[in-house]
Amino acid sequence: SQARTQLPSPALPRPQLPQVPKTLEKCDVLNTLDLTNNKLDILPVEIGGIETLKYLHLSGNDGLKHMLPSYLHEDSKTCVFILKLLNDQRCEVRDLKTRNQELEELAKNKEEYNLRIQDEVQDLQDEFDRQLNIFPRSFVNLQKGFGASCTVS
């Protein structure tokens, strides 16, 4: 049997991330996200869409002050709560934009339909007027023909 040598766990410096990797937003079983002591200046609100996320550690990211006050960086549950709210709001805005586009398309289609109907009504009116102009002459000529051969008592 071969003896195993245990190596000590080296204390490696943490990389200082300038941004959160996009693939992180797709994690669906992430409970804790520790982003302490990075160089983050923006935090994707999509992280709030990770349903299982309970803890988010952000201390040491002074660039996030414009997004979250620095005193909240220590309160991981509040950070998660705020990101979930922001993500929900982003989703609602996206849904409203989509619905607005659908309604604009419906309105455009209805307007086009109304214009076609108006054109058809105008065509029918023009045909009616044309027929009306033809009808009295035919009727007058017809009356003259009957009047000569028939007498009304």
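Presented here is a report on the structure given in the accompanying data block. (Residues numbered from 1 in each chain as written. Predicted model: local features only at pLDDT ≥ 70, side-chain atom pairs only at ≥ 80, totals over all residues. Heavy atoms only, no water.)

### Some points on the environment of Glu-25
Note the cut-off: The way it works is that DSSP assigns letters per residue, a run of H or I at least four long becomes a helix, a run of E at least two long becomes a strand, and they are numbered from the N terminus. Between two residues, a contact is recorded if the distance between any of their heavy atoms is within 4.5 Å.
For Glu-25, the position within the fold is in the segment before strand S1 (32–34). Separated by 19 residues in sequence, Glu-25 and Pro-44 place their C-alpha atoms 8.1 Å apart. Sequence-distant contacts of Glu-25, that is, excluding residues within four places in its chain, are made with Pro-44, Glu-46, Ile-47 and Ile-50.

### Structural notes on unusual backbone geometry
Applied cut-off: A 1.4 Å probe rolled over the protein chains alone gives each residue an accessible area, and that area as a share of the maximum for its type sets the label: buried under 20%, exposed over 50%, partly exposed in between.
Even without being a glycine, Asn-37 presents a positive backbone phi close to 55°. Following the sequence through the fold, Asn-37 ends up in the loop between S1 and strand S2 (55–57). Take Asn-37: its relative accessible area is 45%, and that puts it in the partly exposed class.

### A few points about the pattern of salt bridges
Note the cut-off: The working definition used for a salt bridge is a side-chain nitrogen of Lys or Arg within 4 Å of a carboxyl oxygen of Asp or Glu.
Counted by the stated rule, this structure contains 4 salt bridges. Between Arg-94 and Asp-95 there is a salt bridge, and its shortest N-O distance comes to 3.6 Å. Exposure remark for Arg-94: the relative accessible area of 42% places this residue in the partly exposed category. Looking at Asp-95, the relative accessible area reads 45%, which means it is partly exposed.

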